[in-house]
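# Chains, contacts and geometry: an overview
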Amino acid sequence: MMKQKTKKQKNQNRKGYTIIELVVSFALAGLFLSGAGMLLAQSMNRHYQMNLRIDMISVSQVILDKITGELAAAKNNGHASTFVRLSSKGSTGRPAVFFISREAVPAELTWINEEGRGGILLFFQTKLTDGETITEQWAFDSKLYQGCVIEALDFTQLERNDGRPTNIIKVSLTLRHQKTGILYSESRCVPCSQFREAEDISRIVVDGSSK
C-alpha cells in the first residue's frame with residue numbers, strides 16, 4: 001500500500017513564491033516593458049521623420065517645378081532686349097533671376113522672409129495695362145509649404161569644362177521645417193531653351209556683367 005502523505009509534505013507541495021522571487025519577477029517585467037516602450041518610441045520617431053522628409057521633398061519639387069518651368073520658357077527675341085540676369089540681390093534683397101516671361105513681359109523670381117511665415121517664393125511680372133505699368137506679385141498659398149520655409153535659394157550659370165558659359169541655370173533650394181529645424185536641400189538644372197547659340201548665351205549675365 002502507498003503511504004499517505006503527511007501534513008507537512010502537503011504543506012511543502014503548496015509552497016508559493018517568496019517575496020524576493022516576486023520582486024525579481026516584477027523588476028524583469030518592468031525592464032521588458034521599458035525596452036518595448038523605447039523601441040515603440042524609436043519606431044514612431046523614425047516614422048515621423050520619414051513622413052516629414054517625404055513632405056519636404058514634395059514641397060521642394062513643387063517649388064522647383066515652378067522655377068524651372070518659368071526659366072525654361074524665358075523668351076528670346078534675338079537681340080539685346082532679351083536676357084536672363086542672375087543677381088545676388090533682387091528686389092527683396094535676396095538672390096533672384098530676371099528674364100522675359102512666357103507672357104513676353106519682364107519677370108523676376110526671388111524669395112523673401114515674411115514675418116510669421118518665413119521664406120517664401122515670389123514671382124513678379126511687370127505689365128503695361130491701359131498705359132500704366134503694373135507689377136503683379138504671385139506666391140504659393142502657405143498651406144503648400146506644410147510647415148516648411150525657404151532657408152536658401154540660389155541661381156548659378158553652369159560652365160563647360162573649358163570655362164565657356166552654357167545656357168543651363170542651376171537652381172539650388174534649401175528648405176527648413178519650422179517646428180523641428182530639419183533642413184532639406186535639392187538642386188535642379190534647367191536649360192534656357194531659347195538661348196542656344198553663343199550670341200544668345202552671352203545675354204545670360206550674372207549681376208549685370210557678361211561672363
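For the structure, check the block above.
One structure accompanies this document, and this report is about it. Here the structure is a predicted model, which is why all the values come from computation and not from measurement. (Residues numbered from 1 in each chain as written. Predicted model: local features only at pLDDT ≥ 70, side-chain atom pairs only at ≥ 80, totals over all residues. Heavy atoms only, no water.)

Right, let's get into the overall build of the protein chain. Looking only at helices and strands, the protein chain has 3 helices and 10 strands in total. Element order for the protein chain, N to C, with α for helix and β for strand: α-α-β-β-β-β-β-β-β-β-α-β-β. In the protein chain, which comprises 211 residues, the share counted as buried stands at 31%. (Helix = DSSP H or I, 4+ residues; strand = E, 2+ residues; numbered from the N terminus. Buried < 20%, exposed > 50% of the residue type's maximum accessible area, 1.4 Å probe, protein only.)

Sheet architecture is open: 3 strands sit in the order β6-β7-β8, paired in antiparallel fashion. The sheet is open, and its two edges are formed by β6 (148-159) and β8 (183-191), each paired on a single side. The mean angle between the axes of side-by-side strands here comes to 20°, regardless of whether they run parallel or antiparallel. (Pairing = 2+ DSSP bridges. Axes fitted to C-alpha atoms, helices over the stretch in contact; angles between N-to-C directions.)

So, on to the pattern of salt bridges. Here the structure, examined in full by the defined rule, presents 8 salt bridges. Asp65 is paired through a salt bridge with Arg188; the nearest N and O atoms lie 2.5 Å apart. Placement of the pair is Asp65 in helix α2 (residues 19-72) and Arg188 in strand β8, with a sequence separation of 123 residues. By relative accessible area, which is 21% here, Arg188 ends up partly exposed. Here Lys127 ties to Glu103 by a salt bridge, and the two come within 2.9 Å at their closest N and O atoms. Of this pair, Lys127 sits in strand β4 (residues 118-129) while Glu103 sits in the loop between β2 (96-100) and β3 (106-114), and the two are 24 residues apart along the sequence. (Salt bridge = Lys/Arg side-chain N within 4 Å of Asp/Glu carboxyl O.)

Take a nonpolar patch on the surface next. On the surface, a nonpolar cluster with roughly 560 Å² of combined accessible area is contributed by Ile20, Val24, Leu28, Leu31 and Phe32. With respect to the helices, strands and loops of the structure, Leu31 is situated in helix α2. Given a relative accessible area of 58%, Leu31 falls into the exposed group. (Patch = residues over 30% accessible without salt bridge, like charges linked within 9 Å, V, L, I, M, F, W, Y side chains within 5 Å. Areas by Shrake-Rupley, 256 points an atom, 1.4 Å probe, with all protein chains shown as cover.)

Before going further, it helps to spend a moment on the environment of Arg196. With respect to the helices and strands, the residue Arg196 is situated in the loop between β8 and α3 (198-201). Distance in space between the C-alpha atoms of Arg196 and Ile168 is 9.7 Å, their sequence separation being 28 residues. Dropping the residues within four chain positions of it, Arg196 is found in contact with Asn167 and Ile201. Within the local environment of Arg196, its side chain forms a polar contact with the backbone oxygen of Ser193, the two atoms lying 2.7 Å apart. (Contact = heavy atoms within 4.5 Å. Polar contact = N/O pair within 3.5 Å; in protein donor to acceptor, adjacent residues only side chain to side chain.)

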